[in-house]
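Notes for the structure review
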Amino acid sequence: MPEKLSVLDLDLKGKKVFCRVDFNVPLNEAGAITDDTRILGALPTIRHIIDKGAQLILASHLGRPKGKHNPKYSLAPVAPHLSGLLNRNVAMAEDCIGPQVTSLVNQMENGDIILLENLRFHAGEEKNDPDFCRQLADLADVYVNDAFGTAHRAHASTEGVARLLSPAAAGLLMEKEIRYLSQALANPSHPFVAILGGAKVSDKIAVIENLLGKVDSLLIGGGMAYTFLKAQGHHVGRSLVEEDRLELASELLRQAEEKQVKMLLPTDHVIASEFKEDAQHKTCSNQDFPADWMGLDIGPETSKTFSTVLQKAKTVIWNGPMGVFEFEAFSKGTFAVAKALAESEALSIIGGGDSVAAVNKAGLNDKMTHISTGGGASLEFLEGKILPGIAALTDKS
Ligand code: AMP
């Protein structure tokens with residue numbers, strides 16, 4: 001993929017900038033923001049655009065209002081919060097298109113900030129409707145995308161508008177995501193290790209296939225390990241197994257061998273009598289897996305093996321927990337991996353979703369090189385796909 005233009009490359013003075021951000025923040029019953037991580041993530045780009053003397057139009061989605069105005073999903077609580085963080089006024093628009101928005105935008109002066117109402121109040125957003133794209137694009141001169149988490153969706157604000165406005169550049173957060181993920185895939189320091197976990201093999205097939213051509217070792221944990229173990233002929237009791245993927249699992253194991261990738265599966269497990277937080281549990285090896293039990297975490301021997309591989313790694317990508325880390329009794333494997341990664345000198349990239357939650361829960365987030373802000377987007381990036389929200393940005397050359 002060609003290198004994309006950065007917001008740092010743009011001459012922004014006096015320009016109206018349409019900036020797609022990810023303000024999809026959790027709200028409580030009273031409509032208060034319970035976690036502002038995503039807002040904080042966009043601050044460097046916002047500050048840069050304002051400092052350069054531009055007029056900033058911020059756009060985001062929040063939740064899934066399914067194309068209809070719904071006050072429950074209003075971005076209104078974000079405007080005063082952002083205003084407090086920036087110590088300057090942030091005007092809230094009552095919609096994202098229409099005469100009131102146009103009039104507000106026409107009155108803007110350099111340094112002003114407007115937050116548009118939830119883009120997904122219009123069905124045109126997710127449909128990437130040309131007329132909706134045109135109405136959004138007409139508000140501004142320049143496009144900036146800082147919402148990596150939605151870059152795998154070809155929506156109006158992530159793709160259509162970027163094709164109508166020129167230049168279209170990556171924001172600072174987006175740029176960082178692209179830089180780390182591309183470096184890992186295109187130019188990694190070796191040994192390059194990927195750790196994959198989570199519930200299902202089926203969600204990660206394309207990632208495994210893409211990584212098998214690049215990594216030196218692939219460590220597999222979580223529920224998805226049981227389909228591989230069963231494919232190898234092990235007994236895995238009542239563990240999560242995707243019966244329709246057994247053949248594919250065998251094929252992936254065969255490909256790993258052919259490409260000389262060390263594919264490590266768990267050799268021991270924390271098993272439970274049922275899928276419950278306070279279920280009876282114990283450890284067992286691959287050889288003595290009881291028929292009535294299920295594997296809910298990797299065992300201590302596996303944690304040790306995985307940690308040893310991570311200690312020697314130079315580049316690591318991690319996606320998916322090693323067990324049901326939401327339950328304390330089955331969280332040790334995931335935390336052991338997080339700790340080993342934190343202690344390793346490797347460039348460490350945590351790819352969205354549950355692995356990020358685990359790293360945060362372990363208080364190790366500042367020990368990782370890069371924590372991706374997009375679960376789905378980082379997974380698609382690791383599959384080797386070119387994300388539509390990135391493809392639509394202007395090439396640097
Ligand atoms: P994913 O979204 O595919 O990354 O899956 C994350 C989910 O996988 C988490 O909610 C975990 O609780 C779950 N998970 C991890 N290991 C297991 C396991 N051994 N059995 C069942 N679920 C698991």
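Residues numbered from 1 in each chain as written. Predicted model: local features only at pLDDT ≥ 70, side-chain atom pairs only at ≥ 80, totals over all residues. Heavy atoms only, no water.

Some remarks on the pattern of salt bridges
When their charged atoms lie close together, side chains carrying opposite charge are able to pair. What the rule picks out here adds up to 16 salt bridges. Taking the shortest distance from any N to any O, the salt bridge between Arg-20 and Glu-125 comes out at 3.8 Å. You can see Arg-20 sitting in strand E1 (residues 16-20) and its partner Glu-125 sitting in helix H4 (residues 123-127), a full 105 residues away along the chain. Grouping residues by exposure puts Arg-20 and Glu-125 together as buried. Connected through shared salt-bridge partners, Glu-3, Asp-9 and Lys-396 make up one network. (Salt bridge = Lys/Arg side-chain N within 4 Å of Asp/Glu carboxyl O. Helix = DSSP H or I, 4+ residues; strand = E, 2+ residues; numbered from the N terminus. Buried < 20%, exposed > 50% of the residue type's maximum accessible area, 1.4 Å probe, protein only.)

Observations concerning the site of the ligand
Taken together, 15 residues sit near the ligand, with Ala-199, Gly-223, Gly-295, Glu-326 and Asp-354 positioned nearest. One nitrogen or oxygen atom from the main chain of Gly-223 is found 3.1 Å from a nitrogen atom belonging to the ligand. Contact with the protein chains covers 80% of the free accessible surface of the ligand, which is 500 Å². Taken together, the residues of the shell around the ligand break down into 6 nonpolar, 5 polar and 4 charged. (Near = heavy atom within 4 Å. Polar contact = N/O pair within 3.5 Å; in protein donor to acceptor, adjacent residues only side chain to side chain. Areas by Shrake-Rupley, 256 points an atom, 1.4 Å probe, with all protein chains shown as cover. Nonpolar A, V, L, I, M, F, W, Y, C, P; charged D, E, K, R; others polar.)

Here's the deal with the packing of aromatic side chains
Describing an aromatic ring pair means giving the distance of the ring centres and the angle of the ring planes. Overall, the coordinates contain 3 aromatic pairs when judged by the stated rule. Residues Tyr-226 and Phe-289 carry aromatic rings whose centres are separated by 6.2 Å and whose planes lie at 75 degrees to one another, so their mutual orientation is edge-to-face. Here Phe-289 lies in the loop between strand E11 (281-285) and strand E12 (294-298) and Tyr-226 lies in helix H9 (residues 225-231), a separation of 63 residues in the sequence. Accessibility assignment for this pair places Tyr-226 and Phe-289 in one class, buried. Here the basic side chain of Arg-179 rests over the ring of Tyr-180, its NZ or CZ set 5.5 Å away from the ring centre. A cation over a ring is seen here: Lys-282 above Trp-293, with NZ or CZ 4.4 Å from the ring centre. (Phe/Tyr/Trp six-rings, centres within 6.5 Å; stacked < 30°, edge-to-face > 60°. Lys NZ or Arg CZ within 6 Å of the ring centre and 35° of its normal.)

Some points on the nonpolar core
Membership of the largest hydrophobic core comes to 73 residues, with the highest contact counts inside it found for Phe-18, Leu-116, Leu-136, Ile-208, Leu-218, Ile-220 and Phe-228. Counting residues per element, this core draws most heavily on helix H7 (residues 172-186), which supplies 6 residues. Counting the residues that make up this core, at least three belong to each of domain 1 (7-175) and domain 2 (188-382). In contact with Leu-218, other than residues within four places in its own chain, are Ala-194, Leu-196, Ile-208, Leu-212, Val-261, Lys-262, Met-263 and Leu-264. (Core = buried A, V, L, I, M, F, W, Y, C linked by side-chain atoms within 4.5 Å. Domains from an automatic or database assignment. Contact = heavy atoms within 4.5 Å.)

As for the side chain of Ser-74
Among the structural elements, Ser-74 can be located in the loop between strand E2 (55-59) and helix H2 (78-86). Within the structure, the side chain of Ser-74 is placed 2.7 Å from the side chain of Glu-117, a separation counted as a polar contact. Apart from the residues within four sequence positions on either side, Ser-74 is in contact with Leu-27, Leu-62, Glu-117 and Phe-121.

With respect to unusual backbone geometry
Note that the residue after Ser-166, namely Pro-167, is joined by a cis bond; omega there is 0 degrees. Structurally, Pro-167 is set in the loop between helix H6 (156-164) and strand E6 (168-170). In this structure, the amide linkage connecting His-190 to the following residue, Pro-191, adopts the cis form with an omega of 0 degrees. Turning to its location among the elements, Pro-191 is positioned in the loop between H7 and strand E7 (192-196). A positive phi angle, close to 55 degrees, is found at Gln-260, a residue other than glycine. Tracing the backbone shows Gln-260 in the loop between helix H10 (246-258) and strand E9 (262-264).

Brief notes about the environment of Ala-30
Position of Ala-30 among the secondary structure elements: in the loop between E1 and helix H1 (37-51). By relative accessible area, Ala-30 is classed as exposed at 72%. For the pair Ala-30 and Lys-72, spaced 42 residues apart in the sequence, the C-alpha separation amounts to 9.7 Å.

A short note on the domain arrangement of the protein
With domains assigned, the protein is organised as domain 1 (7-175) and domain 2 (188-382). Look at where the C-alpha atoms of domain 1 and domain 2 centre, and you get two points 36 Å apart. The interface is formed by 4 residues belonging to domain 1 together with 8 residues belonging to domain 2. Ranking the residues of domain 1 by area buried against domain 2 places Phe-148, His-152 and Leu-173 at the top, with a combined share of 81%. At the boundary of domain 1 and domain 2, one finds 0 salt bridges. The interface formed by domain 1 and domain 2 holds 0 residue pairs in polar contact (both at pLDDT 80 or more) in total. Within the side of domain 1 that touches domain 2, the residues separate by chemical class into 2 nonpolar, 2 polar and no charged. (Buried area = accessible area lost by both parts, 1.4 Å probe.)

A few points about the sheet that holds E9
Strand order in the open sheet made by the 6 strands is E9-E8-E7-E13-E14-E15, with parallel pairing throughout. Of all the strands in the sheet, just E9 and strand E15 (370-371) have a single pairing partner and so form its edges. Sheet topology note: the strand E8 (residues 217-220)/E9 ladder contains 3 bridges and is parallel. Looking at E9, one finds that Ser-217 is bridged to Lys-262. (Pairing = 2+ DSSP bridges.)

What to know about H6
Within H6, 7 of the 9 residues are buried, which leaves the element mostly enclosed by the surrounding structure. Those residues of H6 that fall on the buried side of the exposure criterion are Ala-156, Ser-157, Thr-158, Glu-159, Gly-160, Val-161 and Ala-162. Next to the buried residues of H6 lie E1, H4, helix H5 (130-137), strand E5 (142-145), E6 and helix H15 (388-391).

Points about the packing of helix H11 (residues 300-312) against helix H12 (residues 332-343)
Two numbers describe how H11 lies on H12: the axes approach to 9 Å, and their chain directions differ by 20 degrees. Here H11 lies roughly parallel to H12, going by the angle between them. Here the hand of the crossing between H11 and H12 comes out right-handed. Counting all contacts with H11, which are made through Ser-303, Phe-306, Ser-307 and Leu-310, the residues of H12 involved are Gly-333, Ala-336, Val-337, Ala-340 and Leu-341. (Axes fitted to C-alpha atoms, helices over the stretch in contact; angles between N-to-C directions. Parallel < 35°, antiparallel > 145°, perpendicular 65-115°, else oblique. Left-handed = near helix turned anticlockwise from the far one by under 90°.)

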